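So you can see what is in the structure, the chains are spelled out below.
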There are 2 protein chains.
Amino acid sequence: MSTVKDVAQRAGVSVGTVSKVLSRNPTVKPALRERVMHAVDELGYKPNLAARALRTNKVNVIGLVVPDISNPYFAQLVKCVEAEASKQGHMVMMVNTDDDPAIEITQINALLAQSPHGLIVIGSTERDMEPIKTEVPIVSLDRRFLNYKLISADHVGGSAQVAEHLFHLGHRRIAYISGQLSTEVGRLRKQGFCDRLTALAGRTASLELTSIEGQFDYTSGDEIARRLLSVDADKRPTAIATASDQQAIGVLRAARDLNIDVPQQLSIVGFDDIILAELVVPRLTSVSQNTVEMARLAVHCLLSEAALSPQDHVIDTVLKERGSTAAPCQA
Amino acid sequence: MSTVKDVAQRAGVSVGTVSKVLSRNPTVKPALRERVMHAVDELGYKPNLAARALRTNKVNVIGLVVPDISNPYFAQLVKCVEAEASKQGHMVMMVNTDDDPAIEITQINALLAQSPHGLIVIGSTERDMEPIKTEVPIVSLDRRFLNYKLISADHVGGSAQVAEHLFHLGHRRIAYISGQLSTEVGRLRKQGFCDRLTALAGRTASLELTSIEGQFDYTSGDEIARRLLSVDADKRPTAIATASDQQAIGVLRAARDLNIDVPQQLSIVGFDDIILAELVVPRLTSVSQNTVEMARLAVHCLLSEAALSPQDHVIDTVLKERGSTAAPCQA
DNA sequence: CTGAAAGCGCTTACAG
DNA sequence: CTGAAAGCGCTTACAG
């Protein structure tokens, strides 16, 4: 590999000048700039990023911490983050934490050792711990990490939209399958749903609302749904709202196994609007998050000091009404 | 941040000695080692990786190039690669290429600029181009990139297993939905399936085998299946094999929409055995790849010179027989 | 406007 | 067995 020295020699200038040309320092005369650029091309010079990092103490790398990359929603987020970082000339260094706080902290330290430009954490730990000792800016995305600024969808508002949708369709016996209530997102989604539903019902009709805590995954939705649906038809819920599309797809499968027609006998709503939501049968009504915007903001916060205000950023959601919801049948 | 210099001062030794302790150089006396380690702990010293990289010209980073991280199969591979790299003390720098050869080459160059320890490429480009000009070892994973050594599942063998499975169940009117035949994996899977099936049929019964080229995604499976199934029941295939689980799930959906029972009236087989394969209804018979082993080998090849032999590595597959396949009904 | 020189933090022959 | 010193490739005040 050729170095600035080689380029300088070839162009007949000093290494300082080469460096200035490369950093677009405008105080270099056009003629010299030309000579240098020419030498760069001839030699196929590529700057040594390690040397630059050592000198400037900054590197065009963003660290990304993900609980589970094989979760399709996180995969989508990761894709958006990578795209935005790439657009801003940054590389993404990704680690997986298996949703384990111990691994998370180890991985974050490994990432920080690389002295990245910033860290985006989809959190697994939200305990009220002291912040990490580092100069590197940190922002949490989707799920809060410690007390760092969070960029996330409007979980409360999105769930409230679901509540309105089901209520206005006429459902009154409704079950909600939440995510882990130890997580902020689990609590917010449940709260948004239950609060709005109770508020709506308060001034009209009687409401039977069951809420069961689950995990965000397929199997959890499947298992809980089987329990909820294994009662007489006039007792079981006419609608099940969930905290994730995975859960909802689990519910869909349980309903299928139990010969309960969706949406005729049971309406189902998911959350996240993963790609798969449009590909199951029937297509899943779900709350869509603007992952592109979330990723954009997260990257932006890290790269511009100004944008790293302490307030959280909440991004609006959109309810996608599809085939898995309908008015309850008049049995 | 404290440096080797601070540690040296604190321990009352030279920086060279500190460095030797840190690199477990055995020629350091235990007493000194103790003193140094103590100083390291007291100061919370963390080595500056950029400086180390500059000096040694090696860095504990592996570059990973993925066509589309939101593809669940790739997500699973990425997860395994990250886990293995992490186990070997390496970070993963990941880029997405959107399956676009132009973006792929740009991204690879960006990655190489970081002088990583090695590059794992899930390829989008297999044209016979000259190799990249770099010292960095490169290996292709799952899909070949240029002419670099490939680590992949046994596509031919896996597809042959599917052919045997369907044939032995008694299917004789069979359709195959391939991936893009411009891709090596698309060709190999199709070839493995068709060759074995033809061979089996050759010495027993008449066989009607239709093969249609598709893409590896959900919609492709859905659309092609609709075409294949929109004929009289005694004309349509009793089994459809596909080149990916996504396609198979598309087929499943098409069959559902057309009121064709799976597996009674139609058997379906996927490929890749993504997590979702066990979560659709009925559970999908699919060819399982050993992604853990593939990832392990890929990382291993990059980190040990010895392992980077030029021969490709083909990893055995396992056919997972599930609910989506059965003997054809005796209509 | 350009060059000479210092220095980022580390590792590694080389002396002693 | 330990230390002094050079040097990885770059950037950046500072002189001129």
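Residues numbered from 1 in each chain as written. Chains lettered and ligands numbered in written order. Predicted model: local features only at pLDDT ≥ 70, side-chain atom pairs only at ≥ 80, totals over all residues. Heavy atoms only, no water.

A. Highlighting the pattern of salt bridges. All names here are of chain B. On inspection of all chains with the given rule, the structure shows 28 salt bridges over all chains. The salt bridge partner of Glu278 is Arg322, with a shortest N-O separation of 3.8 Å. Here the residue Glu278 occupies a position in the loop between β9 (267–269) and β10 (286–289), and Arg322 occupies one in the segment after β12 (317–320), the gap between them amounting to 44 residues. Given the relative accessible area of 43%, Glu278 is considered partly exposed. Relative accessible area serves as the criterion here: at 16%, Arg322 is assigned to the buried category. (Salt bridge = Lys/Arg side-chain N within 4 Å of Asp/Glu carboxyl O. Helix = DSSP H or I, 4+ residues; strand = E, 2+ residues; numbered from the N terminus. Buried < 20%, exposed > 50% of the residue type's maximum accessible area, 1.4 Å probe, protein only.)

B. Looking closely at helix α7 (residues 155–169) of chain B. Residue and element names in this part refer to chain B. Under the 1.5 Å per step criterion, the end-to-end length of α7 is 21 Å for 15 residues, consistent within 8% with the ideal 21 Å. Burial in α7 covers these residues: His155, Gly158, Ser159, Ala160, Val162, Ala163, His165, Leu166 and Phe167. Trailing α7 by a residue or two, Gly170 shows a phi angle of about 110°, which is positive. (Expected span 1.5 Å × (residues − 1).)

C. Quick look at the protein's contact with DNA strand C. Contacts to DNA strand C come from 22 residues, most closely from Thr17 of chain A together with Val4, Ser19, Tyr45 and Arg55 of chain B. Backbone atoms, meaning sugar plus phosphate, form 67% of the atoms of DNA strand C positioned within 4 Å of the protein. Between DNA strand C and the protein, one listed contact pairs a base nitrogen with a side-chain N or O atom of Arg55 of chain A at 3.0 Å. Between DNA strand C and Ala51 of chain B there is a distance of 3.4 Å, counted from a base nitrogen to a backbone nitrogen or oxygen. Of all the secondary structure elements, the ones that give two or more residues to the surface near DNA strand C are α2 (15–22) and α4 (49–56) of chain A together with α2 (15–22) and α4 (49–56) of chain B. In terms of residue count, the dominant contributor to the surface near DNA strand C is α4 of chain B (four residues). In terms of residue class, the surface near DNA strand C is built from eight nonpolar, eight polar and six charged. (Near = heavy atom within 4 Å. Polar contact = N/O pair within 3.5 Å; in protein donor to acceptor, adjacent residues only side chain to side chain. Nonpolar A, V, L, I, M, F, W, Y, C, P; charged D, E, K, R; others polar.)

D. Layout of the sheet that holds β9 of chain B. Residue and element names in this part refer to chain B. The parallel open sheet is built from four strands, whose spatial order is β7-β6-β8-β9. Where the open sheet ends on each side, the last strands, each with one partner, are β7 (208–213) and β9. For this sheet, the mean inter-axis angle between neighbouring strands, taken without regard to orientation, is 15°. Summarising the sheet, strand β6 (residues 173–178) and strand β8 (residues 239–242) pair through four bridges and their orientation is parallel. The residue of β8 that forms the bridge with Ile177 is Thr242. Across the sheet, helix α9 (residues 218–229) is in contact with β6, β7 and β8; its angle to β6 comes to roughly 155°. (Pairing = 2+ DSSP bridges. Axes fitted to C-alpha atoms, helices over the stretch in contact; angles between N-to-C directions. Contact = heavy atoms within 4.5 Å.)

E. Structural context of the relation of the copies chain A and chain B. The two copies are related by a screw operation: chain A maps onto chain B through 180° of rotation and 0.1 Å of translation along the axis, at an RMSD of 0.2 Å. What the rotation and shift describe, once combined, is the action of a two-fold rotation axis. Across chain A, the smallest distance between a C-alpha and the rotation axis is recorded for Met93 of chain A, namely 2.1 Å. A shared interface surface links the copies, since 100% of the contact residues of chain A are contact residues in chain B too. (Least-squares fit on C-alpha atoms with pLDDT ≥ 70 in both.)

F. Region of the structure containing the side chain of Asp142 of chain A. All names here are of chain A. Summarising the element assignment, Asp142 is placed in the loop between β4 (138–141) and β5 (150–153). This buried residue, Asp142, is left without a salt bridge; Arg143 holds the nearest opposite charge, at 4.2 Å. Beyond its immediate sequence surroundings of up to four residues, Asp142 is in contact with Tyr73, Phe74, Leu77, Ile122, Leu150, Ile151, Ser152, His155, Arg189, Gln289 and Met294. (Lys, Arg positive; Asp, Glu negative; His and termini not counted.)

G. Representation of the packing of aromatic side chains in the model. Residues and elements named next belong to chain B. Using the criterion set out here, one finds six aromatic pairs over all chains in the structure. Ring geometry for Tyr73 versus Phe74: centroids 6.0 Å apart, planes at 50°, classification tilted. When sorted by exposure, Tyr73 lands in the same class as Phe74, which is buried. When the ring of Tyr176 is compared with that of Phe193, the centres are 4.9 Å apart and the planes differ by 25°; the resulting orientation is stacked. In this pair, Tyr176 sits in strand β6 while Phe193 sits in helix α8 (residues 184–202), placing the two residues 17 residues apart along the sequence. (Phe/Tyr/Trp six-rings, centres within 6.5 Å; stacked < 30°, edge-to-face > 60°.)

H. Geometry of the interface of chain A and chain B. The interface is formed by 39 residues belonging to chain A together with 39 residues belonging to chain B. A buried area of about 3700 Å², summed over both sides, lies between chain A and chain B, and 64% of it is on carbon and sulfur atoms. The shortest N-O distance in the salt bridge between Asp68 of chain A and Lys79 of chain B comes to 3.0 Å. On inspection of chain A and its partner chain B, the count reaches twelve residue pairs in polar contact (both at pLDDT 80 or more). Every element with two or more residues in the side of chain A that touches chain B is listed here: α4, α5 (72–87), β2 (91–96), α6 (101–113) and α10 (245–257) of chain A. Counting residues per element, the side of chain A that touches chain B draws most heavily on β2 of chain A, at six residues. Here the residues of the side of chain A that touches chain B sort into 23 nonpolar, seven polar and nine charged. Sheet analysis places β2 of chain A next to strand β2 (residues 91–96) of chain B, joined by three bridges and oriented antiparallel. For Val92 of chain A, the partnering residue across the bridge sits in β2 of chain B and is Met94 of chain B. (Buried area = accessible area lost by both parts, 1.4 Å probe.)

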